[in-house]
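Architecture at a glance
Here is how the chains run, residue by residue.
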Amino acid sequence: MHVVFSTDCGDFQHWQSYLFFYSALRVGQHKLGYVTRIASGCDDDEEAKVRAWHDLHVSRAMSEKFTVHFTPHFSSVAQDGEKGGKQYLFFNKPFGLKHWLEHGEGMGVDAATGKYADDDGRVVALLDPDMVLLRPITHDFSDLESSIVSKPASAPKTRKFKA
């Protein structure tokens, strides 16, 4: 199980990230897998500052399974082939996730097979930094009492979510 959430390098999402990691620690999410902050668009100074702070206050103080992954800035939308263009901040989330899937530690694509490295049927949950975990997120849906089901369980393609 791997829980990821997407942020920028601003102060507002920095403290949200700390609270998210803290709530993950409190519910024991680190016992079930990794929690990764995907930080997009940091300049070199911001990345160094966030990396050092994360190492001291999150990885060492909470869990080594709480990681941070840095990606380029994906929010500039080119228009008519020109660089720059309009800002569309929401692009950082899908393209940051894609970058992490392709380049993140323990992830990555094996060029020979086209499959993800260490593909063990893992589950990735993409959340937002302003969320707080009240209980661990698991990929065990055998307990129907605490699962949210999107259709009747007998219907084809039923989607189950752990509550």
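Residues numbered from 1 in each chain as written. Predicted model: local features only at pLDDT ≥ 70, side-chain atom pairs only at ≥ 80, totals over all residues. Heavy atoms only, no water.

Another point: the nonpolar core. Val3, Phe20, Phe21, Val35, Phe66 and Leu133 are the most contacted members of the largest nonpolar core, which has 14 residues in total. Contributing elements (two or more residues each) for this core: strand 1 (2-7), helix 1 (11-27) and strand 6 (124-127). It is helix 1 that contributes the most residues to this core, 4 residues altogether. Counting residues in hydrophobic clusters, the runner-up holds 6 residues, among them Cys9, Ala39, Cys42 and Val50. (Core = buried A, V, L, I, M, F, W, Y, C linked by side-chain atoms within 4.5 Å. Buried < 20%, exposed > 50% of the residue type's maximum accessible area, 1.4 Å probe, protein only. Helix = DSSP H or I, 4+ residues; strand = E, 2+ residues; numbered from the N terminus.)

Let us now look at the environment of Cys9. By the element assignment, Cys9 lies in the loop between strand 1 and helix 1. In sequence terms Cys9 and Phe70 are 61 residues apart; their C-alpha atoms lie 9.5 Å from each other. The contacts of Cys9, once residues within four sequence positions are left out, are Arg37, Ala39, Ser40, Cys42, Glu46 and Val50. (Contact = heavy atoms within 4.5 Å.)

Every regular strand shows the same layout, with side chains that alternate between the two sheet faces. Most of strand 1 sits out of view: 6 of its 6 residues are buried. Residues of strand 1 alternate between two faces, with His2, Val4 and Ser6 on one and Val3, Phe5 and Thr7 on the opposite face, all of them buried. For the crossover that starts at strand 1, traverses helix 1 and ends in the parallel strand 2 (residues 34-40), the hand is right-handed. As defined by bridge partners, strand 1 adjoins strand 6 across 4 bridges and the pair is classed as parallel. Its bridge partner being in strand 6, Phe5 is matched across the sheet by Leu127. (Right-handed = clockwise from strand over helix to strand, strands pointing away. Pairing = 2+ DSSP bridges.)

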